[in-house]
Amino acid sequence: MIMSDKCKQHVDSCRFCWMCHHICPIGNATGHERSTARARALGISLVNREAIELEEIMDNIYECCTCGGCSNVCVTGWDPVMFTKEARLQAALEGKTPEYINTLVDNCLEKGNAYGKTEICDKLSAKIAEHNKATDTLLYLGADTRFGGACGQGKKAIEVLEKAGVAFTVLADEPASGSQLDFLISSANETKEEMEKCAKVLSNYKTVVIYDPNDAKTIKQLYKEYGIEVNANAVTYTSFVAGLIKDGALKCDKKDKEVVFQDPYQLARDLEETEEAREIIKANATLKEMLLNRNETVWAGNILMAQYLPDVIKKVAERRIFNAKSIGAKTMVTACVSEYVALKSVEQNDVEILSIEDLILG
Ligand code: SF4
Ligand code: SF4
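## Details of the sheet that holds strand β6 (residues 331-334)
Next up, step 1: Ordered in space as β5-β4-β6-β7, the 4 strands form an open sheet in which the pairing is parallel. Every interior strand has two partners, whereas the edge strands, β5 (286-288) and β7 (352-355), have only one. When strand polarity is set aside, the average angle formed by the axes of neighbouring strands in this sheet is 40°.
Next up, step 2: Across 3 bridges, strand β4 (residues 258-262) lies against β5 in parallel orientation.

As structure tokens, this is what we get:
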């Protein structure tokens, strides 16, 4: 496998101090040492030394959710996300990507989403149609919201902005941001082409409000890394809504409810946004904090990885619900549509799962 010197250096520089062990959501869910960052590095190192074939470690490469929990705590500045993504890129270039990943990639290329869906639910479709007129502001919902089984949340995201009297557009035919392809095949040409097409559409607006933190990270951070420009003010949904509350445009009723917040890693670690969602919550409920919050957050699962690791993702979500339960929390609020779906998929009655929109709309 061809790997950059920088990645090779990171692969070989682990000090085996175990400081990152407790934070890996996948390693904790499977209970397998092989799922952790350190074990993944050992596997890649063996491939780099031509002791084993790349194909032999590909399932392991796709076990990582790229949440960056390990790189965030690594005392030596080691970055497992970087070399995991490079291994995915190389596998794609060498035609060594597992079949179950190829299916998701083909769906992205043919249908614009990894789930291969072409229709969104009637209720969301109707809501989108109410906002088909051109305005300066685009609400970008994203592929997980439209096609990943979270239509109801997309509709509520629209209703919150309606409640605040915002004039905005939602596209019936929204281009994919490239976030799913980036996860699957990293910075391959196909990913960049998808991103470029999306950037062109987003640049028709003054402001783009990005609902899904995964798309927000992609558009606000990865586009820059890949040299793709968006000529619009791209903002996260949480920061936009917090601004509406601050300006008095969005009136909230404070409920008699105590909640904890599940920080999405894309906001907390990648975009360094932790307080905006808390401001929204504080206007609507009483906020308590879980252990491992803000940039130390633990990922709670997503829709994309549930396509090929459903049982692991359920365990990931169960463990995060347990974190909330262990401090006596009765309600957990999410700001990521994908985490919301993962947490909701766990059958339990101890902790109520709400999205930010659920909380605002009461
Ligand atoms: S990026 Fe996240 S899932 Fe991947 S090894 Fe690090 S902590 Fe584990
Ligand atoms: S914290 Fe860094 S150096 Fe320590 S075991 Fe984890 S990856 Fe290796």
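Moving on from the coordinates now.
## As for the site of ligand 1
Next up, step 1: Around ligand 1, the surrounding shell holds 13 residues, and the nearest of these are C24, C64, C67, G68 and C70.
Next up, step 2: For the shell around ligand 1, the secondary structure elements donating two or more residues are α2 (25-30), α3 (37-48) and α5 (69-73).

## Here we look at the nonpolar core
Next up, step 1: L139, L141, L161, Y237, V241, W299 and M305 are the most contacted members of the largest nonpolar core, which has 102 residues in total.
Next up, step 2: Apart from the residues lying within four places of it in its own chain, the contact partners of V241 are V160, L161, L250, I280 and I360.
Next up, step 3: Judged by nonpolar contacts, the second largest core, of 21 residues, contains L138, A216, I228 and V230.

## Focus on the pairing of strand β2 (residues 207-210)
Next up, step 1: Side chains of β2 alternate between two faces, with T207 and V209 and V208 and I210 buried alike.
Next up, step 2: In terms of strand pairing, β2 meets strand β3 (residues 233-236) through 4 bridges, oriented parallel. Bridged to V208 within β3 is A234.
Next up, step 3: The parallel pair β2 and β3 is bridged by helix α13 (residues 213-225), and the resulting crossover is right-handed.

## With respect to the pattern of salt bridges
Next up, step 1: As enumerated under the stated definition, the model contains 19 salt bridges in all.
Next up, step 2: Residues E94 and K96 are paired through a salt bridge, measuring 3.1 Å at the closest nitrogen-oxygen approach.
Next up, step 3: With a shortest N-O distance of 2.9 Å, E159 and K155 are connected by a salt bridge. You can see E159 and its partner K155 sitting in helix α10 (residues 151-163), 4 residues apart, about one turn around the helix.
Next up, step 4: Judged by relative accessible area, K155 falls into the partly exposed class, the value being 25%.
Next up, step 5: Connected via shared salt-bridge partners are D263, E275, R278, E289 and R294.

## Some remarks on the site of ligand 2
Next up, step 1: In the vicinity of ligand 2 there are 10 residues, among which C14, C17, C20, C74 and W78 approach most closely.
Next up, step 2: Of the residues in the shell around ligand 2, the class split is 8 nonpolar, 1 polar and 1 charged.

## Structural notes on the sheet that holds β2
Next up, step 1: A sheet is described by the order of its strands in space; here 3 strands give the open sequence β1-β2-β3, paired in parallel fashion. Looking at strand neighbours, the two that pair on one side only are β1 (137-140) and β3, the edges of this open sheet. Recorded for the sheet is a direction-independent mean angle of 20° between the axes of neighbouring strands.

## A word on the packing of helix α1 (residues 5-12) against helix α6 (residues 80-93)
Next up, step 1: For the pair α1 and α6, interaxial distance at closest approach is 9 Å and the crossing angle is 125°. Taken together, the axes of α1 and α6 are oblique relative to one another. Relative to α6, the crossing made by α1 is left-handed. Residues K6, C7, H10 and V11 of α1 form the contact with α6, whose participating residues are M82, F83 and E86.

## Details of the domain arrangement of the chain
Next up, step 1: Per the domain assignment, the segments making up the chain are domain 1 (5-96), domain 2 (122-242) and domain 3 (252-361).
Next up, step 2: Of note, the centres of domain 2 and domain 3, computed from C-alpha atoms alone, are 21 Å apart.
Next up, step 3: Taken together, the 27 residues of domain 2 in the interface contact 27 residues of domain 3.
Next up, step 4: Between domain 2 and domain 3 the total buried area reaches about 2300 Å² when both faces are included, carbon and sulfur atoms providing 70% of it.
Next up, step 5: By the criterion of area lost to domain 3, the three top residues of domain 2 are Q153, P213 and T238, representing 25% of everything that side buries.
Next up, step 6: Across the contact surface, domain 2 and domain 3 share 2 salt bridges.

## Thoughts on the side chain of E273
Next up, step 1: Note that E273 resides in the loop between α15 (265-270) and α16 (275-284).
Next up, step 2: Separated by 2.5 Å, the side chains of E273 and T236 make a polar contact.
Next up, step 3: Discounting chain neighbours no more than four positions away, the residues touching E273 are T236, T238, S239, L267 and A268.

## Focus on helix α14 (residues 237-247)
Next up, step 1: For α14, the complete set of buried residues consists of Y237, T238, F240, V241, A242, L244 and I245.
Next up, step 2: Directly after α14, the chain includes G248, whose backbone phi takes a positive value near 85°.

The rules we used
- Residues numbered from 1 in each chain as written.
- Chains lettered and ligands numbered in written order.
- Predicted model: local features only at pLDDT ≥ 70, side-chain atom pairs only at ≥ 80, totals over all residues.
- Heavy atoms only, no water.
- Pairing = 2+ DSSP bridges.
- Helix = DSSP H or I, 4+ residues; strand = E, 2+ residues; numbered from the N terminus.
- Axes fitted to C-alpha atoms, helices over the stretch in contact; angles between N-to-C directions.
- Near = heavy atom within 4 Å.
- Core = buried A, V, L, I, M, F, W, Y, C linked by side-chain atoms within 4.5 Å.
- Buried < 20%, exposed > 50% of the residue type's maximum accessible area, 1.4 Å probe, protein only.
- Contact = heavy atoms within 4.5 Å.
- Right-handed = clockwise from strand over helix to strand, strands pointing away.
- Salt bridge = Lys/Arg side-chain N within 4 Å of Asp/Glu carboxyl O.
- Nonpolar A, V, L, I, M, F, W, Y, C, P; charged D, E, K, R; others polar.
- Parallel < 35°, antiparallel > 145°, perpendicular 65-115°, else oblique.
- Left-handed = near helix turned anticlockwise from the far one by under 90°.
- Domains from an automatic or database assignment.
- Buried area = accessible area lost by both parts, 1.4 Å probe.
- Polar contact = N/O pair within 3.5 Å; in protein donor to acceptor, adjacent residues only side chain to side chain.

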